[in-house]
Amino acid sequence: TSVPRVIVSGFTTEAKEVKAGEQFKLILHITNTSTSTKVSNLEFNIQSEADGTDEATAGAAFLPVAGSNTIFLNSIGKEETKDISIEMTAKADLAQKPYVINLGMKYEDEKANPYESESSVSIPVKQEARLEISDAQVMPNSIMVGSESNVMFSIFNTGKTKLYNVSVEFLSETVSGGKGFVGNIEPGETGNVDVMLTGERVTQDEGIIKVIIKYEDETGHSSTIEKEVELFVTEAHMDVDKPMFPEDDFLIEEGKRSKLPGVIVVILILAGLAVGLTLYIRRKKKMEEGIEDEIS
């Protein structure tokens, strides 16, 4: 007499992605491969593999919601497939990888002969990326058109999965620049953002600038987080009471100093001419008086 074989021919999960810390339904497709024998009194014992290597702290990766991991099924006809299901919860601290569920099966044929078999399925678990962003430092928080401001903040990877290709971008009509590539951030580590923004247009609103933070998970799936910083851009202006460049004062003073020796020379020449003219007039007057005395 041939032995009736009962196998797990497939499975599905609801939700489609099993996430760490969340509940899901596991649906197993059970097939009786025998072409001649119906099986009955089926008992299924579902056991999840342990998570961790330390026997003292290791626990099952998946736990049944109802507390029981045993399922009964009355019968499966020859070459027939039936489904069994169980609600389970994935541990919150599972690493992102597949975990094995073992299925022990007991059943009987039409003559009440007992049989046992085992099967297993592998359930991929996705660990949700978690990150926190520190308050941004904007120095200065008000600039003129054409000036720059330095923006700095940190990105903390608080999840169990690695963050890949982390980048930042600033979206605003009032500033330009600010694109930065942080790279990969391991779980528990920190990535730092340090960029410069240049004022382009005068701020007409509340000065809010949107920051777009992008990253990828291990499967290449891209996610986006938005943050806001405050930076005001004002009109560039010139102080009319003060020269734009300090060196202008120096040039003016130097010009004044450079004219001073010439002025002194001119004054000395004029003074010399005045003295000479005075002496000439006195001498000529004395000569005229001497001639008049001789005539008389």
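Pairing of strand E16 (residues 163–171) with strand E20 (residues 208–216) involves six bridges; the strand directions are antiparallel. Along E20, the bridge assignment pairs Ser-167 with Lys-214. Both E20 and strand E21 (residues 222–230) contribute to a ladder of nine bridges, which runs antiparallel. Paired with Lys-214 across the two strands is Thr-224, which belongs to E21. In textbook terms, the turn of a hairpin is the stretch between consecutive antiparallel strands, and for E20 and E21 this stretch comprises five residues, one of which, Gly-220, has a positive phi near 90°.

Right, let's get into the pattern of salt bridges. Taken as a whole and assessed by the stated rule, the structure comprises six salt bridges. Lys-19 is the salt-bridge partner of Glu-128, the closest N and O atoms lying 3.4 Å from each other. Here Glu-128, found in the loop between strand E11 (114–126) and strand E12 (131–133), pairs with Lys-19, found in strand E2 (residues 18–19); they are 109 residues apart in sequence, far enough to count as distant. For Glu-128, a relative accessible area of 33% translates into the label partly exposed. As a salt-bridge pair, Asp-93 and Lys-91 come within 4.0 Å of each other at their nearest N and O atoms. With relative accessibility at 41%, the residue Asp-93 sits in the partly exposed group.

What follows concerns the packing of aromatic side chains. The final tally for this structure, using the stated rule, is three aromatic pairs. Where Phe-62 meets Tyr-99, the ring centres are 6.2 Å apart and the plane angle is 85°; that geometry is what we call edge-to-face. In this pair, Phe-62 sits in strand E7 (residues 62–64) while Tyr-99 sits in strand E10 (residues 98–108), placing the two residues 37 residues apart along the sequence. Like Phe-62, the residue Tyr-99 is buried in the burial classification. An aromatic cluster is built from Phe-24, Phe-62 and Tyr-99, whose rings are joined through pairwise contacts.

This part takes up the side chain of Thr-31. Along the polypeptide, Thr-31 turns up in strand E3 (residues 23–32). If near-sequence neighbours (up to four positions away) are discounted, Thr-31 is found in contact with Arg-5, Val-6, Ile-7, Ser-9, Glu-80 and Thr-81.

What counts, and at which threshold
- Residues numbered from 1 in each chain as written.
- Predicted model: local features only at pLDDT ≥ 70, side-chain atom pairs only at ≥ 80, totals over all residues.
- Heavy atoms only, no water.
- Pairing = 2+ DSSP bridges.
- Helix = DSSP H or I, 4+ residues; strand = E, 2+ residues; numbered from the N terminus.
- Salt bridge = Lys/Arg side-chain N within 4 Å of Asp/Glu carboxyl O.
- Buried < 20%, exposed > 50% of the residue type's maximum accessible area, 1.4 Å probe, protein only.
- Phe/Tyr/Trp six-rings, centres within 6.5 Å; stacked < 30°, edge-to-face > 60°.
- Contact = heavy atoms within 4.5 Å.

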